Amino acid sequence: MVEARVRVSCARRVSAVLLTWMWCVQGLHVDVSPRRALFRLGDRQQMLCFFQDCPTMPTVSWSVLGDRPFTGSVTTNGTHSMVTFDPVMTEHEGLLLCTVSCGDQRRQVTASVQVYSFPSAPVIIGQDHLRLGVESPLTCRVSDVYPAEHMTLTWLRGNSVLNNSTGDPRSSSVWSEYRFMSDSKIPGGSISCRATLELQELPAEHRTRETSVPIDLLYPPVVVEISDPVVVMVGFPLTLTCLAEGNPEPSVTWSFRTTDGQSLQRSQQGQLVFKAIKMSEAGLYACEAKNTEGNTTAAVQVTVHAPPTNASLLVSPGEEEVVEGQRMTFTCSSDGAPPPTLVLRKKGVELERNDPSSSSSLTFSLLSAKLEDSALYQCEASNQYGVKLVSSSITVRAHPLQVEASPQVSAERGSALSLTCKASGCHHPPTLIWRRTDLNRHVLQRTQHQDGLSLLHLQDLDLHDRGGYSCEAECDFVVRTRNIQVHVYSFPSDPVLEYPGPVLLGQEAVLRCDVINVFSANQLRIRWLSGNTTQLVESFKFSNSLENVSSVLQHWVEEDQQVLTCRAELLTEDGDLWRSRQTSVPLQVHYPPRMPILSVSPAEEVVEGQWVIFTCYSDGAPAPTLVLRRNGTELQRMDPTSSSSLIFRLSAASLEDSDLYQCEASNQYGSQLVSSPITVKAPPRNTTVYVLPSPVVQEGQNVTVCCQTISFPPSAMSLKKLTNGTELYSSNGTFLLLNVTAKDSGLYQVNVTNDLGYQIKIFSIIVRERSPTHSSSLSIIIIPTVSVAAGLAACALVLDYLRRSRKKGFYQLPQSAPPSA
């Protein structure tokens, strides 16, 4: 049936279209109906392509312009070709081309297809959450719209346009949000959302759809009426009223706030009725209105007036007789309205008065009851409606508690100190509290022992620990106190005695003594001692902190071995000696060398070959340098840092070691010299005999015999011919034989002797007889003369050679010694 209706409709359209769109071409005629189609998405729709004047069955094809596939179903007969879209989809939108071929004739007709979707009216969300005075979002949404960009959403309130918005082509839903706010609680009215799909071919009745919702504002309760604050006498009736409005309609509840802060519900209606009000019902009454949007509270103060009643005076600990030192608390209270003024009196003398606007009771405490607190106490309660009076008699008796502690203690800074306090007279373990009396009575320690003994340990004492301490013993609320004065002294180290360095004997030395970190300086005394003799005593001024104290001594040095002592004495507050420390230093007294000594061992005279030891010593400060010299030539020098004496050894003394030896002792302050001669003795040795001019001479010649030996003391020399025993003596070792004859030939003996020994030399002289000649007389005269001269010259040369050899150190000649006998 639908297809038939479509065909009829199409036929009618074709007849109308043929009037205007008929192809008037010679031969084949082609047309499409409808040319501008508007189809709804999801429907089943058809399009017809008509053709005429084709003698044969034409060929018909449908296609879509553009690079898209054709998805419709096609049926063709002798007069037309029909394409069916079932269902209509978005891809069917566009230009359709119908091509008809009849023999060699070919005709094409184009038609446009537009699709749309507008299946339902707008939906408004959020209208049930509109709140008074609050900006609330309303959302209007239309789903499954096509084309969305052609849809407009309009917000309306009555005839007023509130907002417009257009759909997004990328979405199939179109929505709009409107922020709604109203300050009026008047109910009524509505708000609408109108959706319009702007398509020309779409009939007007299908183009617009509209949805409206009523405006019903929610708001929390508001109390519109409540009773005024009221003052009423006790026993009178009273009614409290409370009215409230809100959307939804609120519930109303009355509650009463008690003195301890609790809230008690009294009524769930708008009225609270008291038939005969009581004093306990005076206070603040709250009316609470509540709905889903919130709650609100309004309050009414109900004041109930009455004269003072139920007046009382309570005494804690609750006995008419209390022990001295016990804590007593008086509590006076009374009912009444307005609150009565409370006054506590002792023997008619006012002790305390309360302010009724701030407190309904009066409390007065005696922290430690005394004997004089025994009396009659009265409490008076009064307001403008009357007066009430109550009284209580109290007796205070003495307590046996006693406390013992040392009145003062002294200790050294940095040490540990234990303060002792003992309580007695308590039937149970007392509480002992240590406090600082000079630091806001700060609690240091709290103990409780069975024996009543408490120790306060102070570790690493410092100056801030000095001062007053108190020991409080508490027993049955009785407190006994003993004060202890702690003195802290600082004397941590021995005095530092500055070493003055070397001082010269007979001059003034300046010494300084420092005492570090002393407290208190005014109790320090420095005493200078030389041996046991006091040289100086010095005292100092008070200082409230640690001090470094110095004392200077100017001392005349009179002894070379002197010890000076700096003794620091710290006194107690009473002037007694608390502690003393001292430091001693031996003075390094300098002086020039004195009393040098040069000793020679075994003696100053020794025998050649013996050992000789020279020892040199001298007293001086600093230790002197020792130098040993022989005849001005330095033999040895001793470094005073390595030895205090000089020792020089001759392992085998020789004759040339005989000389004057000197020892010099010197330092920077002067020098001293001491000397000692050394004599080396030796028996004759190395004796040499020279016969000049020759051991063989002519008769009549003179013969000189030179004898040289080494010895000391000098040796005595004698010449003797062994055959006749004639003996000649010489003091210088030279013997002269004049005009020798043949009978002078023979063996001769030279004897060299001193007190240490002797040496003998034997030699021969040969005298030849002279041949007689004419010149014998002249020869007798000349030869002896020449011979004598030559012998003397030769002896002189020999002696001079020996002398020079002596100077070179070869051996010692006898001429250097005193001449022999």
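Everything below is about the structure shown above.
None of these values were measured; they are calculated from a predicted model.

**Q** An account of the state of the cysteines is requested, with residue identities and associated values reported.
**A** As enumerated under the stated definition, the model contains nine disulfides in all. Left unpaired, C707 is separated from the closest cysteine sulfur, that of C706, by 9.0 Å.

**Q** So what's going on with the pattern of salt bridges? Residues and values would help.
**A** Opposite charge on two side chains permits them to pair, given that their charged atoms come into close proximity. Throughout the structure, instances matching the rule amount to 29 salt bridges. We note a salt bridge from R345 to E380, for which the minimum N-O separation is 3.8 Å. Highlighted residues: R345 in strand 26 (residues 341–346) and E380 in strand 29 (residues 375–383), separated in sequence by 35 residues. In this structure, D373 engages K346 in a salt bridge whose closest nitrogen and oxygen atoms are separated by 3.6 Å. Of this pair, D373 sits in the loop between strand 28 (361–366) and strand 29 while K346 sits in strand 26, placing them 27 residues apart in sequence. We note that D373, like K346, is buried. What you see here is one network of salt bridges that share partners, running through E412, D494, R579 and R581.

**Q** Can you break down the nonpolar core residue by residue, with the values?
**A** Among the nonpolar cores identified, the biggest contains 26 residues, and L511, V515, L524, I526, W528, V549 and L587 are the most heavily contacted of them. Breaking this core down by element, the ones donating at least two residues are strand 41 (508–518), strand 42 (524–530), strand 44 (547–556), strand 45 (563–571) and strand 47 (589–601). The element best represented in this core is strand 41, accounting for five residues. Not counting residues up to four positions away in its chain, the partners in contact with I526 are V515, L536, V537, E538, F540, V549, S551, C566 and R567. Listed in part, the 25 residues of the second largest apolar core include I124, L138, C193 and L199.

**Q** Give a description of the packing of aromatic side chains that names residues and reports values.
**A** Given two aromatic rings, their pairing is described by the distance between the two centres and the angle made by the two planes. Inspection of the entire model under this criterion finds 11 aromatic pairs. An angle of 70 degrees between the planes, with centres 6.5 Å apart, marks the rings of F70 and F85 as edge-to-face. Of this pair, F70 sits in the loop between strand 4 (59–64) and strand 5 (73–76) while F85 sits in strand 6 (residues 80–85), and the two are 15 residues apart along the sequence. By relative accessible area, F85 is classed as buried at 2%. The interplanar angle of 40 degrees and the centroid separation of 6.1 Å between the aromatic rings of F614 and F648 together place this pair among those described as tilted.

Rules and cut-offs
- Residues numbered from 1 in each chain as written.
- Predicted model: local features only at pLDDT ≥ 70, side-chain atom pairs only at ≥ 80, totals over all residues.
- Heavy atoms only, no water.
- Disulfide = S-S within 2.5 Å.
- Salt bridge = Lys/Arg side-chain N within 4 Å of Asp/Glu carboxyl O.
- Helix = DSSP H or I, 4+ residues; strand = E, 2+ residues; numbered from the N terminus.
- Buried < 20%, exposed > 50% of the residue type's maximum accessible area, 1.4 Å probe, protein only.
- Core = buried A, V, L, I, M, F, W, Y, C linked by side-chain atoms within 4.5 Å.
- Contact = heavy atoms within 4.5 Å.
- Phe/Tyr/Trp six-rings, centres within 6.5 Å; stacked < 30°, edge-to-face > 60°.

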